[in-house]
Amino acid sequence: MPGMSGVEVAKRIRQQSILKDIVLIAMTGHGDDEDRQRSIEAGFDFHLVKPADMKNVDEILAKLPDRSTAIKARCVHLRYFSRLLAVHMSERDGHGRTQT
């Protein structure tokens, strides 16, 4: 992601008490043990390596709370992430560099 890593986004989401129950899934091209550990430490619940095996995706989805709860959590997450991104981008110039 331009300007902020997924690890940083996960850490910031986990700092928000309203988002404590949201499920975070890392989708990355990095799959060694250190990468998986970094995802866990950042607050991700699952770590998938691209391209994700659909069987793994289905297994994760089966573990999630009922659909209505998941939809509510996703809406809260999207609203929070939009605000977080807006603040982050306001601190950057048009090219992803921090303004001085």
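Preceding this paragraph is the structure being described.
Note that this is a predicted model, so its numbers are computed, not measured. (Residues numbered from 1 in each chain as written. Predicted model: local features only at pLDDT ≥ 70, side-chain atom pairs only at ≥ 80, totals over all residues. Heavy atoms only, no water.)

Points about the overall build of the protein
Across its full length, the protein holds 4 helices and 2 strands. Going from N to C terminus, the protein has its helices and strands arranged as α-β-α-β-α-α. For the protein, the proportion of its 100 residues judged to be buried stands at 24%. When contacts within the protein are restricted to residue pairs at least 6 apart in sequence, long-range pairs at least 24 apart make up 36% of them. Working note: accessible area of the protein is about 7,300 Å², and carbon and sulfur atoms make up 54% of it. (Helix = DSSP H or I, 4+ residues; strand = E, 2+ residues; numbered from the N terminus. Buried < 20%, exposed > 50% of the residue type's maximum accessible area, 1.4 Å probe, protein only. Contact = heavy atoms within 4.5 Å. Areas by Shrake-Rupley, 256 points an atom, 1.4 Å probe, with all protein chains shown as cover.)

Let's talk about the nonpolar core
Membership of the largest hydrophobic core is limited to 10 residues, which are Met4, Val9, Ala10, Ile13, Leu19, Ile22, Leu24, Ala26, Ala42 and Phe44. Considering each element in turn, this core owes the most residues, 3 residues, to helix α1 (residues 6-14). (Core = buried A, V, L, I, M, F, W, Y, C linked by side-chain atoms within 4.5 Å.)

Overview of the pairing of strand β2 (residues 46-49)
The sheet contact formed by strand β1 (residues 25-28) and β2 spans 4 bridges and is parallel. When the sheet's bridge partners are listed, alanine 26 is paired in β2 with histidine 47. With respect to chirality, the unit in which β1 leads through helix α2 (residues 33-42) into the neighbouring parallel β2 is right-handed. (Pairing = 2+ DSSP bridges. Right-handed = clockwise from strand over helix to strand, strands pointing away.)

Details of the side chain of serine 39
For serine 39, the position within the fold is in helix α2. Not counting chain neighbours up to four residues away, the residues in contact with serine 39 comprise Ala26, Phe44 and His47.

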